[in-house]
Amino acid sequence: MSHTEDEDDPFPVDDCLFTETFSLESVYTLMGEEVKIRQLFGADLGVAAPVWEAALHLCRYLEDQSVELRGKRLIELGAGTGVVGIVAARLGAEVTLTDLPLALPQLDANVSANKPSSGWPSLPPTVLPLSWGEDHMNFSSDWDLVLCADIIYLPETYLPLVETLAHLCGKGATAYLSSKMRDEHETAAFYEKHLPSRFNVELVHRDDKQNNNIYRASLRTGQ
């Protein structure tokens, strides 16, 4: 994994909003794919703007564990810049990227900018709005993988997120969730209390230096 930005994150790790609008374009090499990601920082996008370290950790984990992506039906929640799903689509997954409506133009732009010269190996990624706990029933339950990177930071969203994950994983999908473990956001409580209420949850990777965990989850029988 490599990228052209400094290793030190120039942006705060908390869920701040950016009062001035500006853009930053970064090139990342992830899972053997070079992707160019535009990050549009502004008051509207807030936490959807940056490429968070948790997304890069998730890509590296999927590569290290040789998780098969080609031909898999994959949905990403809170996709933000779309970096994880775009890399997966370039590797042959059939990808749906979801986020709140304000984030969709950034997602669309990054999908367009990263179309392989030979075309997408599967279908082009689909970009759709999804509000957890509200319109998740509009989506299929027939996925192979559900990916989430640094979306566990607002405790009031934890129950609707679990409800949404349960629906999306209803036909046997495996979920991978990568999170910076922030005490102020009660991130650990999500994985120790909320998610296990309906899922079998396993910690599969821990980065002590970055305080980042990756979990694998599957819906419990009868849920």
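Residues numbered from 1 in each chain as written. Predicted model: local features only at pLDDT ≥ 70, side-chain atom pairs only at ≥ 80, totals over all residues. Heavy atoms only, no water.

1. Notes on the overall build of the protein
Regarding its fold elements, the protein presents 5 helices and 10 strands. Within the protein, the fraction of its 223 residues that count as buried is 51%. For the protein, restricting intrachain contacts to residue pairs at least 6 apart in sequence, the fraction spanning at least 24 positions comes to 67%. (Helix = DSSP H or I, 4+ residues; strand = E, 2+ residues; numbered from the N terminus. Buried < 20%, exposed > 50% of the residue type's maximum accessible area, 1.4 Å probe, protein only. Contact = heavy atoms within 4.5 Å.)

2. Points about the pairing of strand S4 (residues 73-77)
It is a general feature of regular strands that their side chains alternate between the two faces of the sheet. Taken across its 5 residues, S4 has 4 buried, putting it largely inside the fold. Sheet analysis places S4 next to strand S5 (residues 94-99), joined by 4 bridges and oriented parallel. Of the residues in S5, the one forming a bridge with glutamate 76 is leucine 97. Note on the crossover from S4 through helix H2 (residues 83-90) to S5: the handedness is right-handed. Pairing between S4 and strand S7 (residues 145-149): 4 bridges, direction parallel. Residue pairing across strands places leucine 77 opposite cysteine 148, the latter belonging to S7. (Pairing = 2+ DSSP bridges. Right-handed = clockwise from strand over helix to strand, strands pointing away.)

3. Regarding unusual backbone geometry
The phi dihedral of methionine 31 falls on the positive side, at around 55 degrees, and the residue is not glycine. Taking relative accessible area as the criterion, methionine 31 reaches 14% and is therefore assigned buried. Within the chain, asparagine 211 stands out as a residue other than glycine whose phi angle is a positive 55 degrees. Relative to the elements of secondary structure, asparagine 211 occurs in the loop between strand S9 (199-207) and strand S10 (212-219).

4. Quick notes on the packing of aromatic side chains
In this description, an aromatic ring pair is defined by two values, namely the gap between the centres and the angle between the planes. Inspection of every chain in the model, using the stated rule, returns 4 aromatic pairs. Ring centres of tyrosine 61 and tyrosine 176 lie 5.9 Å apart, and the angle between their planes is 50 degrees; on these two criteria the pair is classed as tilted. In this pair, tyrosine 61 sits in helix H1 (residues 53-64) while tyrosine 176 sits in strand S8 (residues 174-180), placing the two residues 115 residues apart along the sequence. The same class applies to tyrosine 61 as to tyrosine 176, namely buried. Their ring planes at 65 degrees and their centres at 5.3 Å tell us that tyrosine 158 and phenylalanine 190 sit as a pair that is edge-to-face. Placement of tyrosine 158 in helix H4 (residues 158-168) and of phenylalanine 190 in helix H5 (residues 187-194) is noted, with a sequence separation of 32 residues between them. Neither tyrosine 158 nor phenylalanine 190 differs from the other in exposure class; each is buried. Three or more aromatic residues joined by ring pairs form one cluster here, namely Tyr158, Phe190, Tyr191 and Tyr215. The ring of tryptophan 52 has arginine 182 sitting right over it, with the charged end atom 5.9 Å from the ring centre. (Phe/Tyr/Trp six-rings, centres within 6.5 Å; stacked < 30°, edge-to-face > 60°. Lys NZ or Arg CZ within 6 Å of the ring centre and 35° of its normal.)

These figures come from the coordinates and say nothing about function on their own.
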